Amino acid sequence: MMSKTLIGVICLSILLYSFTLSTTWFGSKVDYNADVKPILNKHCMGCHGGVKKAGDVSFLFEHEMLEPGKSGKIPVVRGDADASEMIRRILTDDPDEKMPKNSAPLSDNEVDVLKQWINEGAKWETHWSYKRIEKPDVPSTRSLWNLFGLLNWKESSWPKNEIDHFIIEKAKNQGLSTSSEANKPTLIRRLSLDLTGLPPTKEEVAAFEKDGSADAYEKVVDRLLGSPAYGERWAGMWMDLARYADTKGYEKDGGRSIWRYRDYVVKSFNSDKPFDQFTIEQLAGDLLPKKQGLPAQEHLVATGFHRNTMNNDEGGTSDEEFRVAAQIDRVNTTWEVWQGTTFACIQCHSHPYDPISHDEYYKYMAFFNNTRDEDVPSDSPTMRFYKGEDSARVQRVMDWITRHEPEQASQVSQFVHITEPKINSHDFKIIGKSTLLDGKYLGLKQKTSARLPAVSLTGMSQLVVSIGTQAENALLTIKTDTLAKETLAQFKVPTTGYKDTVLVVPINQVAGKHDLYFTLESPKMPDKWVQIKWLSFQKALPGKDQANYEETIADYSQLLTSKTDETPILWESAGDMVRKTNVFVRGNWLVKGAEVKPDIPKLLTPMPKEYARNRLGLARWMVHRDNALTSRVIVNRFWEQLFGRGIVETVEDFGSQGSAPSHPELLDWLAVEFMTNYRWSVKLLLKQMVMSATYRQDSRSDKEKTEKDPENMWLTRGPRVRLSAEQIRDQALAVSGLLSTKMYGPGVMPPQPDGIWLSPYSGETWVPSQGEDKHRRAIYTYWKRTAPYPSMMTFDSPSREFCQSRRIRTNTPLQALVTLNDPVYMEAAVQLALKMRGSAPTPQQQLRAGYRMVTFQPVSEKKLAALLNIYESALIRYKSKPADVDSVLVYSAQKSPELAALAVSANVLLNLDGAVTKE
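Residues numbered from 1 in each chain as written. Predicted model: local features only at pLDDT ≥ 70, side-chain atom pairs only at ≥ 80, totals over all residues. Heavy atoms only, no water.

## Some details on the overall build of the protein
In terms of regular secondary structure, the protein is built from 34 helices and 17 strands. Projected onto its principal axes, the C-alpha positions of the protein cover 110 × 90 × 60 Å. Taken over 919 residues, the protein has a buried fraction of 56%. For the protein, the share of sequence-separated contacts (at least 6 apart) that also reach a separation of at least 24 residues comes to 71%. Summed over its atoms, the accessible surface of the protein is roughly 39500 Å², and 53% of this surface lies on carbon and sulfur atoms. Charge-centre separation for the protein: the mean point of 116 positive side chains lies 2 Å from the mean point of 115 negative side chains. (Helix = DSSP H or I, 4+ residues; strand = E, 2+ residues; numbered from the N terminus. Buried < 20%, exposed > 50% of the residue type's maximum accessible area, 1.4 Å probe, protein only. Contact = heavy atoms within 4.5 Å. Areas by Shrake-Rupley, 256 points an atom, 1.4 Å probe, with all protein chains shown as cover. Lys, Arg positive; Asp, Glu negative; His and termini not counted. Charge placed at Lys NZ, Arg CZ, Asp CG, Glu CD.)

Next up, the structure:
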């Protein structure tokens, strides 16, 4: 029997709860973000926002709505809706004044919301996603109202961790109940595909089914998180964000060796590199602490994230135009990946819906505007990797410098490994008949000249130049200030053709900045061009009077001439090469407005004063605890990968036009945990998600759930989504036994249909890889932007010309044509058929075994009958037409009608909905 005290407490609590409910009967305060902002965005911002300010009225910024418009009247008078011009215009019957103009009028409810908001003081609020996160409390399923779980034991015992408490609370509000746990084969397949991108083996499934221990599931989670395949799976997601490709894009779309960046991402995920460190290295690895002039090699390779921007090698294009295009892409991508904001539109005008002004775009771009890349064909700057004799040369040169002038070692090491700072040929001003050959490289011939403006020469005593010619006895002269002034240097150009040759030439020492004039004397072959790609004025190597000096210069020159493995990196400009950043009027890079300095939008938490105003300071600010937008966005990305839908569905847009979060408190709780308790550990974050009862639910639905929640927004059943393009391909190779586990290295070229590539400039062709490279994971497939791997494009892979946050899943007949006819799937089907044949004696048993190999589930009798019918029909055909066997068994040395029929059946298995779907 309950005590009187307990009964009294219950009654009092019920009264208090009733009183709380009763306060809503008299109305509640209007919420700006939830109630008002959507109305303004829908009806007002098109004419009174960042793009337009009709009548000098805007509702984009708080101060603007309180200022008189062109009419002299104030749009919003706080506390007085009747005095507010906004409300008068909305309610008027005068067609010339009524708002919204030429659009459907606001509903009575929308008008009431706006009036109430103004009368309550028109409180302005920052959009929820841009606010600092305060960690929410975890809801409890055990409370006084259910007698601490006794009245609903199923509900209170269902949660596995904190995530589930948030899910249950929302589900109850929607009148929905959660689902029971999926069976073990379904769970391990789902888990394995999610964490590693690969299906489990039959041995792993069997072991999990037999393991009756309480932590059996957790042991599988830990094993998968520790698998090398884990890094490959999650790097695949990151490649879309990084717009990774093995080519440069645009018209020529030539090759680019940047695969080391992909390897860096794989290794980072596998080592569980903290995500804040992962962020800083990619955005500013070149600015991290240096040793002998260079940051760690890993940190430089990491900056390849922003060297995945496209280069335009087409002759006659403006390098500066496409350098600027790359900077704009970096700004937009950084905001989309880490801040989940549609920042791109601010290039031309203030944001139409969120309070970010036009000039703030260029203040942000100023962080990126001083990188040394200039859209040159060499992809410079690059990190050079020396091998063999070249490695020995590097050591000899550095030993020489250290012995004779140690303080110069950093500068020399930097130039040997990065070849920066240097002046590219497009900086020359053409005089007379000199030219830029193919629009790229300076071309000089007999009696032609070119001018290089404003070169700082103080302390410089040698010229390093990449030069070549077919002419004999050509003499290049460099003079200062005018063609009649003193000679800075004069030297013969070696006849080496137009291949890269780097010369180290002594120059006369001159102080200050000077215009330099380059002239050529080539009387023997006056029509032959001398080509200059780049040059650098430097302090001469020390030890000039010492023995072996000339050999050191030769080593230095040879290193810079040698063809080496390279990977594009970011490198920051210094000295005279530092650029100014201006606002582009209406987004036009040719129309410069006011100069701006690096800064972040006022909408967000300010950068700490001690942070440098460069990319490193920016990167550190992005992962600062107070700038929690980053954590919200990243947590949501990982959630979307597991559940098929983000807590915020628009993973790329957390602004006021994006989707509202389905579980805002859960998102904030996870974001704070990620930053604090998990210390930015992605593996801990993913483990928390997959250990939840929410993730483990059966994906089957019922009529009520399907009607109330067709898209499973409230997560009352397990995720059921189609696998990604990479997962479908890798699964086919894995279940057939073909998949190679080889990791890292340059991209490979697995079989694809003929006629996909057309490279008229380079003559490059798709040469199918041999051996195990033929069957490597999809992440290592060579990616050409203008002709991406076709089977993966059919399954919604992006071309990667630009960042893509999520793949919008399509469902087309072409996808079935791929899995039924593509050479990769045909070969996989044959190998799967061989496995099926070796597993059992009869076709019926073989088909039953094959179904389990692909889905890890027992096949129903109905499905088995259908598969058997396919097999028997194919067998009849191949027995009657034996010549057709070869068309199916192209990849098999064994030939028979029975194997061909089984291969057709295996092909069908790989195309089943249960095979291409995560359930």
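## Details of the state of the cysteines
This model, assessed by the stated rule, comprises zero disulfides. Among the cysteines around Cys 348, which has no disulfide bond, Cys 345 carries the closest sulfur, lying 8.6 Å off. The class of Cys 348 is partly exposed, set by a relative accessible area of 38%. (Disulfide = S-S within 2.5 Å.)

## A short note on the environment of Lys 429
The residue Lys 429 is located in strand β3 (residues 429-431) in this model. On the basis of relative accessibility, which here comes to 42%, the residue Lys 429 falls in the partly exposed class. Remark: the alpha-carbon pair of Lys 429 and Ser 797, spanning 368 residues in sequence, is separated by 44 Å. Once residues within four sequence positions are removed from consideration, Lys 429 is found in contact with Ala 450, Arg 451 and Pro 453.

## With respect to the pairing of strand β1 (residues 382-385)
Along β1, one buried face is formed by Thr 382 and Arg 384 and the opposite face, lined by Met 383 and Phe 385, is buried too. Relative to strand β13 (residues 565-568), β1 runs antiparallel, the two being bridged by four bridges. Residue pairing across strands places Met 383 opposite Thr 567, the latter belonging to β13. (Pairing = 2+ DSSP bridges.)

## Quick look at the sheet that holds strand β6 (residues 449-456)
Spatial strand order, β3-β6-β11-β8-β9: five strands in an open sheet with antiparallel pairing. What marks the edges here is a single partner per strand, and that holds for β3 and β9 (487-493). Ignoring which end each strand starts from, the neighbouring axes of this sheet average 25° apart. One ladder, built from six bridges, connects β6 with strand β11 (residues 513-521); its direction is antiparallel. (Axes fitted to C-alpha atoms, helices over the stretch in contact; angles between N-to-C directions.)

## Observations concerning unusual backbone geometry
The linkage connecting Met 99 with the following residue, Pro 100, adopts the cis geometry, with an omega of 0°. Its location among the elements puts Pro 100 in the loop between α4 (85-91) and α5 (108-119). The residue after Ser 380, namely Pro 381, is reached through a cis peptide bond having omega 5°. Mapped onto the secondary structure, Pro 381 falls in the loop between α16 (358-365) and β1.

By themselves these figures say nothing about function.
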